[in-house]
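Chain by chain, the residues:
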Amino acid sequence: QVQLVESGGGLVQAGGSLRLSCAASGRTLRTYGMGWFRQAPGKEREFVAAINWSGGLTDYVDSVKGRFTITRDNHKSTVYLQMNSLKPEDTAVYYCAADRTGWGRQDVWYDYWGQGTQVTVSS
């Protein structure tokens, strides 16, 4: 069993930056693919970014490319999402998730989820 805890959310002005962290306990994340998803009020959860087990492969939704960066530190069992040039449309609850067998954009592939952290970007 893997427990995931997100942190780093908050209120920021448009153009600002935040770094989200996702710390795992219960089992090392070393072999898991990891993803970040977000859900805005009244909208479906959407894929944001993903990274494979080694950190050598990443993927992003088009709307965050060039602004967000996903990284991981397997020694710390932690995954990060650096968010720069934030926009009001980035406002959402951000969730991290762990995939035992791969990595990718589909939320149904992921086996473990954190509780989420709120990101609010003011205009």
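Residues numbered from 1 in each chain as written. Predicted model: local features only at pLDDT ≥ 70, side-chain atom pairs only at ≥ 80, totals over all residues. Heavy atoms only, no water.

Peer 1: Please set out the side chain of arginine 67 residue by residue, giving values where relevant.
Peer 2: In this fold, arginine 67 is placed in the loop between strand S6 (58-60) and strand S7 (68-73). The buried category is assigned to arginine 67, whose relative accessible area is 10%. Polar contacts involving the side chain of arginine 67 include one to the main-chain carbonyl oxygen of serine 85, which spans 2.9 Å. Apart from residues no more than four positions distant in its own chain, arginine 67 is found in contact with Gln82, Met83, Asn84, Ser85, Leu86, Lys87 and Asp90. (Helix = DSSP H or I, 4+ residues; strand = E, 2+ residues; numbered from the N terminus. Buried < 20%, exposed > 50% of the residue type's maximum accessible area, 1.4 Å probe, protein only. Polar contact = N/O pair within 3.5 Å; in protein donor to acceptor, adjacent residues only side chain to side chain. Contact = heavy atoms within 4.5 Å.)

Peer 1: An account of the pairing of strand S8 (residues 78-83) is needed here, citing residue identities and associated values.
Peer 2: Across the 6 residues that make up S8, a large majority, 5, are buried. Bridge count between strand S3 (residues 18-25) and S8: 6 bridges; the pairing is antiparallel. Looking at S8, one finds that cysteine 22 is bridged to valine 79. When S7 meets S8, the two strands line up antiparallel, connected through 6 bridges. Bridge pairing links arginine 72 to valine 79 in S8. Taking the residues between adjacent antiparallel strands as the criterion, S7 and S8 are bridged by 4 residues, where serine 77 takes a positive phi near 50°. (Pairing = 2+ DSSP bridges.)

Peer 1: Quick one: what's the story with the environment of tryptophan 113, residue by residue and with numbers?
Peer 2: Looking at where tryptophan 113 falls in the secondary structure, it is placed in strand S10 (residues 112-113). Placed 107 residues apart in sequence, tryptophan 113 and glutamate 6 show a C-alpha to C-alpha distance of 9.6 Å. Excluding anything up to four places from it in sequence, tryptophan 113 contacts Leu4, Phe37, Arg45, Tyr95, Cys96, Ala97 and Asp107.

Peer 1: Break down the side chain of serine 77 for me, citing the residues and quoting the values.
Peer 2: Here serine 77 lies in the loop between S7 and S8. Serine 77 sits in the buried class, given a relative accessible area of 11%. Setting aside residues no more than four positions away along its own chain, serine 77 makes contact with Cys22, Ala23, Ala24, Thr28 and Leu29.

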